[in-house]
Amino acid sequence: MKKFIFQNDAMDCGPACLAMICSFFGKDIDLQYLRYESYITREGVSLLGISEAAKKVGLQSTAAKIKYEALDKKHLPCILHWNKNHFVVLYKISKSFFSGKLIYKIADPAHGFVSLSEQEFKKCWLVEDEKGIAFLLEPTEEFYKIEYKKEEDISFKYLLKYLKPHHKKMWQMFCLLLLGTLTTLFFPILTQKLIDEGVDKKNLSVVTYILLTQLAFFVGNMTFNIFRNWIVLEVGTKVNIQIISDFFKKLFKLPIKFFDTKLLGDFNQRIQDQERIEDFLTSQSLLTLFSIITFSVFFVILGYYNLNILIVYTALTVISIFWSLYWMKKRKILDYFRFQRKSENQESIYEIINGISEMKLNQFERFKLREWEKIQEKLLKINIRVLKLDQIQMSGFEFFNQLKNIIVTFLAASYVVKDNMTLGALLSVSYIIGQMNSPLSQLISFFRSSQDAKLSLSRLNEVQNHPTEEKDYFVGLDTNIKNYHVNSGINLVNVSFQYEGPRSPFVLKDINLFIPEGKITAIVGDSGSGKTTLLKILLKFYEQVDGEIYFNDLNIKEISPVDIRKNTGVVMQEGFIFSDTIERNIATGDEEIDAIQLEKALKIANIKTFVEQLPLGSKTKIGAAGNGISGGQKQRILIARAVYKNPHIILFDEATSALDAENEMIIHKNLQSFFRGKTVIIVAHRLSTVKNADQIIVLKNGEIVERGKHYELVEKKNNYYNLVKNQLELGN
């Protein structure tokens, strides 16, 4: 395999395998591009998605369930469906030199290069009837013709902008490090003087003077370090805050589709990546700079004492550094694996904590605990591999260092015995050797930190280079929606949508729908008919794959998604309650909460009485995701949130499904006056919610099958009538 490509996230195995195949045929294609073209989701990527991405880059693909005996070298490299939930690249089949048995070479984007025996290979690949799923790929002429714009990688130069606001502090740290380095350099000279001028000559006053000088230098060095540590803490914390803040700002600008492919653990790990970058910027870089300066000065002094000692020292130092660098290449692979396992671990813990109630109800605890334990076993195996590699690296480095110290000390001692060097010079050389070991260790730490930062940058690169949903050419919605005329409203023309590419099922198909300005439109249909998806397309969470949508005369493709959402009050099925006060949950982004508007929202949502009974009223804090309140109270807060905005457009997706009949009736009555003059779209099942709508749209399998008013559709005794009879409890 020419190039190994790691999967950045838990679900990236398919695109990573395809990227390796492209590299094998001579083209490096960005993983992010392949992720997008393979229509990856949070559940991963399908063979159909990989096929679409392969076609896009000019690879001819064939997915087949083939017999084990039919898999031979002419198919290589190919992508295999592995363990029923993963993708790997089979790039070589060879025979063992000793046993003559077949060995299968696998490039697993989650584990690296792996060699398997025939039995192990069969166990992981075969599904049934001695067959396994293989994805065979061949380059076409188009593959070599298509040019790709390579994503610009984030470099360390880009990160230096975070240090610019702290340049004064950085200079202070620089000066403190310089002073600390200078004080250190005097110690070998003082040591030689102490022995040669004081001890040998039995001059106690010189001994006292030199020892007091050493003490002064030591106290000075210690003081410099104290102040430097304070500066490192302050600058490091501020840089870390700024890096993570910018990361979140970028995340907020990304389209919803990006988050659909990510697990919570992936984001947690990326935030930890920022800390590694901060450590490299604020601590390792400057320390290494001065370590190099210190090492260079001591290097010159050592040469001044004896050139032969310097040559021996240099040779063994070079060997120890190359030893460390060799093992660091292997460590890079393990870092990717550890990222994956830690991401899985955090996702598992998050699921256990948030799903504890359901787990208890369904006796799911033991299964989930075993699942978590399996993740820990995988993490332990990775940590053992990391520890083993670190021990080999550091043991070798320490061995060469110690060997170097012994040989140099022996040479210096032999020179003293032969009267070619004074005893003071010997002690000075020993001190210099000891002091030079520290810069060498710092240099190795710098290489590690640099490697960690580069790996973190590569993962950060995916977020920073992802296109934002807001474009410069977008226009606002404010003026357009106020230009009312007879045909004002939202117009959908032949709108179709698929989640997973051209050959996946249509969620919406050829939707032609006019939603008149200032009227109420109800959308009903069975679960999975596309109702919620339609609302998300209107909110620009997703872009339709075909057709056009107009807000009055303005195409939705030209409208700012931020502006659409600013002018829209929304209650979705999966609405979120933040860990904050009730009033902040309702007013959300308003810096100053409008008390009159808040009271109106509480009244319309019929939650005013409940809030007033609380000890702190609307300032009562409620938990994340609505902990501490009922499902009905949560829905009423979400309705109050939509009402508070006083928007021009209102989208309700099963907004009253968790309410009892009495509360629903009161809220429905309160909303009628609020809806007046607004464009309202309601997705609901209950008769009381939809029967008074100006028009009712019936969706079935992603298509509009009926439209009209309640009484018109009931008289037809077709799809709507059946929905009403079965779900809305209308009699025969």
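Each chain has its residues counted from 1, following the order in which its sequence is written. With pLDDT at 70 or above as the cut-off, local features in this predicted model cover only qualifying residues; side-chain atom pairs require 80 or more to be listed or tallied, and sums for whole chains, interfaces and linings still use all residues. No hydrogens and no water enter the side-chain calculation; it runs on all heavy atoms of the structure.

## Topic: the overall build of the chain
- A count of helical and extended segments in the chain gives 25 helices and 19 strands.
- When accessible area is computed with a 1.4 Å probe and restricted to protein chains, residues below 20% of their type maximum are described as buried, those above 50% as exposed, and intermediate ones as partly exposed. Across the 732 residues in the chain, those meeting the buried criterion constitute 50%.
- Here the contacts in the chain between residues at least 6 apart in sequence split such that 73% fall between residues at least 24 apart.
- Surface exposure here means Shrake-Rupley accessible area, sampled with a 1.4 Å probe, where a residue is shielded only by the protein chains that are shown. Accessible surface computed for the chain: about 37400 Å², of which carbon and sulfur atoms make up 57%. Helix and strand assignments follow DSSP, with helices taken as H or I runs no shorter than four residues and strands as E runs no shorter than two, numbered in order from the N terminus. Any two residues whose heavy atoms approach within 4.5 Å at even a single point are treated as in contact.

## Here we look at the packing of aromatic side chains
- Centres within 6.5 Å are what make two rings of Phe, Tyr or Trp a pair, Trp counting through its six-membered ring; a difference in plane orientation under 30 degrees is then read as stacked, over 60 as edge-to-face, and the rest as tilted. The tally for this structure, following the rule as stated, stands at 20 aromatic pairs.
- Relative to F121, the ring of W82 lies with its centre 5.7 Å away and its plane at 55 degrees, an arrangement referred to as tilted. One end of the pair, W82, is in strand β2 (residues 78-82); the other, F121, is in helix α4 (residues 118-125), and 39 residues separate them in sequence. With respect to class, W82 is no different from F121; both count as buried.
- Ring centres 5.3 Å apart and planes at 10 degrees place the aromatic pair F364 and F367 in the stacked group.
- Classification of F364 as partly exposed rests on a relative accessible area of 35%.
- One aromatic cluster is present, built from ring pairs that chain together Y68, W82, Y104, F121 and W125.
- Just above the ring of Y68 sits the side chain of K122; from NZ or CZ to the centre is 4.5 Å. Geometrically, a charge over a ring is one whose NZ (Lys) or CZ (Arg) sits within 6 Å of the ring centre while staying within 35 degrees of the ring normal.

## Regarding helix α22 (residues 661-675)
- Residue count minus one, scaled by 1.5 Å, sets the expected span of a helix. Between the first and last C-alpha of α22 there are 20 Å, a value that for 15 residues agrees with the 21 Å anticipated at 1.5 Å per step.
- Within α22, the full set of buried residues consists of N663, E664, I667, H668, L671, F674 and F675. Buried residues of α22, viewed axially, fall in a sector of 125 degrees; they line one side. For α22, the exposed residues lying more than 90 degrees away from the buried face are E662, M665 and K669.
- Looking at the buried positions of α22, the neighbouring elements they touch are β10 (520-525), α19 (595-604), α21 (631-644), β16 (649-653), β17 (679-683) and α23 (687-690).
- With a side-chain oxygen lying 3.1 Å from the backbone nitrogen of E662, the N-terminal cap of α22 falls on D660.
- Just downstream of α22 lies G677, where phi reads positive at about 80 degrees. The arc in question is traced by the directions running from the helix axis to the C-beta atoms. N or O atoms closer than or at 3.5 Å make up a polar contact, with two conditions inside protein: a donor-capable atom paired with an acceptor-capable one, and, for residues adjacent in sequence, both atoms drawn from side chains.

## Description of the environment of S23
- You can see S23 is positioned in helix α1 (residues 13-24).
- The class of S23 is buried, set by a relative accessible area of 6%.
- Here the side chain of S23 touches D28 through a polar contact of 3.4 Å, side chain to side chain.

## Considering unusual backbone geometry
- Within the chain, N83 stands out as a residue other than glycine whose phi angle is a positive 55 degrees.
- Although it is not a glycine, N606 sits at a positive phi angle of roughly 55 degrees.
- Tracing the backbone through its elements, the reader meets N606 in the loop between α19 and α20 (608-613).

## With respect to the nonpolar core
- If you look at the biggest cluster of nonpolar residues, it comprises 46 residues, and the most contacted ones within it are I586, I639, F652, L671, F675 and Y720.
- Sorting elements by how many residues they give to this core places α21 first, with 7 residues.
- What I586 contacts, discounting residues up to four positions off in sequence, is L598, A601, L602, I637, A640, R641 and Y644.
- Formed by 31 residues, the second largest nonpolar core is a distinct cluster that contains C13, V45, F87 and L137. Residues grouped as a nonpolar core are buried Ala, Val, Leu, Ile, Met, Phe, Trp, Tyr and Cys residues, joined through side-chain atoms within 4.5 Å.

## Some thoughts on the packing of α19 against α22
- A fitted line through C-alpha atoms serves as each axis, taken over the contacting stretch for helices, and the angle formed by two N-to-C directions is quoted from 0 to 180°. In the contact formed by α19 and α22, the axes pass within 9 Å of each other and the chain directions differ by 135 degrees. By the angle between their axes, α19 is oblique relative to α22. Of α22, the residues touching α19 (which contributes K600, K603 and I604) are I667, N670, L671 and F674.
- The residue classification treats Ala, Val, Leu, Ile, Met, Phe, Trp, Tyr, Cys and Pro as nonpolar and Asp, Glu, Lys and Arg as charged. All others, Gly included, are polar. Of the residues that constitute the contact of α19 with α22, the class distribution is 4 nonpolar, 1 polar and 2 charged. An angle counts as roughly parallel when it lies under 35 degrees, as roughly antiparallel when it exceeds 145, as roughly perpendicular when it falls between 65 and 115, and as oblique in every other case.

## A few points about the sheet that holds β17
- The criterion for strand pairing is that DSSP finds at least two bridges linking the strands in question. Strand order across the open sheet formed by 6 strands is β13-β16-β17-β10-β18-β19, with mixed pairing between neighbours. Unpaired on one side and paired on the other, β13 (568-571) and β19 (703-708) mark the two borders of the sheet. Averaged over all neighbouring strand pairs, the angle between strand axes comes to 15 degrees, with direction disregarded.
- Relative to β16, β13 is paired through 4 bridges, and the arrangement is parallel. The partner of V570 across the bridge, within β16, is L651.
- Packing of α21 onto the sheet brings it into contact with β13 and β16, and relative to β13 it is tilted by some 175 degrees.

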